[in-house]
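Each chain, written out:
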Amino acid sequence: QAQLVASGGGLVHPGGSLDLSCAASEFNLEYFAVGWFRQAPGKERERLGCIAPNGGFTWYVDSMRGRLTLSRDNARNAAYLQMKELTPDDAADYTCATVGVFCSGSFSFNPQTGYWGQKTQVTVSS
C-alpha cells in the first residue's frame, strides 16, 4: 500500500533545531512536489513550504524564511525538513504530503490525487 510517513519528531529544547524525514513507499516520490504542513492543538493547519520534484526549487512561507530548509533525496525516495531556532510556538504535529508536480507559493494538498503523510509530533520545551 502506498504511503508517506513523516518521522523524527520528539522533544526539542527552545533554541534547538529539528530534523524531520518524509519517507515514501510503494510509489515514486520523485514525480511529486512535496509540501510540509503543521498543526498545533486548537489551531488551523499551517503550510510551511514545498520543494520541487527535482529539488531545484523551494518555497517557504514568509514566517519560515531563514529558519526552514527543505531538501530531498529521490534516490532514497525521501524528503527532509530542517528547522532551527525553535520556540514553543513551533510545537505541533508535522507532516509531509505530495502537492502535485509543481512547487509554488500556492501549493496545496489535493486529497483526490495526493498522498498525505502520517504525522510526527514535535514538542518544544525546556
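Fair warning: this is a prediction, and the values are worked out from it, not measured in the lab.

Residue position: Thr 95 is located in strand β9 (residues 92-98). Sequence-distant contacts of Thr 95, defined by excluding residues within four places in its chain, comprise Ala 6, Gly 35, Trp 36, Phe 37, Trp 116, Gly 117, Gln 118 and Lys 119.

All right, on to the sheet that holds β9 then. With mixed pairing, the six strands of this open sheet are ordered in space as β2-β10-β9-β4-β5-β6. The sheet is open, and its two edges are formed by β2 (10-12) and β6 (58-60), each paired on a single side. For this sheet the average axis-to-axis angle between neighbouring strands, irrespective of direction, equals 25 degrees. Note: strand β4 (residues 34-39) against strand β5 (residues 46-51), five bridges, orientation antiparallel.

What follows deals with the sheet that holds strand β7 (residues 68-73). With antiparallel pairing, four strands are arranged side by side in an open sheet as β1-β3-β8-β7. Looking along the sheet, the strands with just one partner apiece sit at the ends: β1 (3-7) and β7. Neighbouring strand axes in the sheet, compared pairwise and without regard to direction, differ in orientation by 15 degrees on average. Of the pairings in the sheet, the one linking strand β3 (residues 18-25) to strand β8 (residues 78-83) comprises six bridges and is antiparallel in character. Within β8, the position partnered with Leu 18 by the bridge is Met 83.

Applying the stated criterion across every chain, the model contains two disulfides. Note on cysteine connectivity: Cys 22 is disulfide-linked to Cys 96, with sulfurs 2.0 Å apart. Looking down the S-S bond of the Cys 22 and Cys 96 bridge, the torsion is 85 degrees, so its handedness is right-handed. Of this pair, Cys 22 sits in strand β3 while Cys 96 sits in strand β9, placing them 74 residues apart in sequence. No difference in accessibility class separates Cys 22 from Cys 96, as the two residues are buried. Across a sulfur-sulfur distance of 2.1 Å, Cys 50 and Cys 103 are joined as a disulfide pair. Handedness of the Cys 50-Cys 103 disulfide follows from its S-S torsion of about 80 degrees: it is right-handed. Within this pair, whereas Cys 50 is found in strand β5, its partner Cys 103 is found in the loop between β9 and β10 (120-124), the two being separated by 53 residues in sequence. When the cysteines engaged in disulfides are numbered in sequence order, the protein pairs them as 1-3, 2-4.

Criteria and thresholds
Residues numbered from 1 in each chain as written. Predicted model: local features only at pLDDT ≥ 70, side-chain atom pairs only at ≥ 80, totals over all residues. Heavy atoms only, no water. Helix = DSSP H or I, 4+ residues; strand = E, 2+ residues; numbered from the N terminus. Contact = heavy atoms within 4.5 Å. Pairing = 2+ DSSP bridges. Axes fitted to C-alpha atoms, helices over the stretch in contact; angles between N-to-C directions. Disulfide = S-S within 2.5 Å. Buried < 20%, exposed > 50% of the residue type's maximum accessible area, 1.4 Å probe, protein only.

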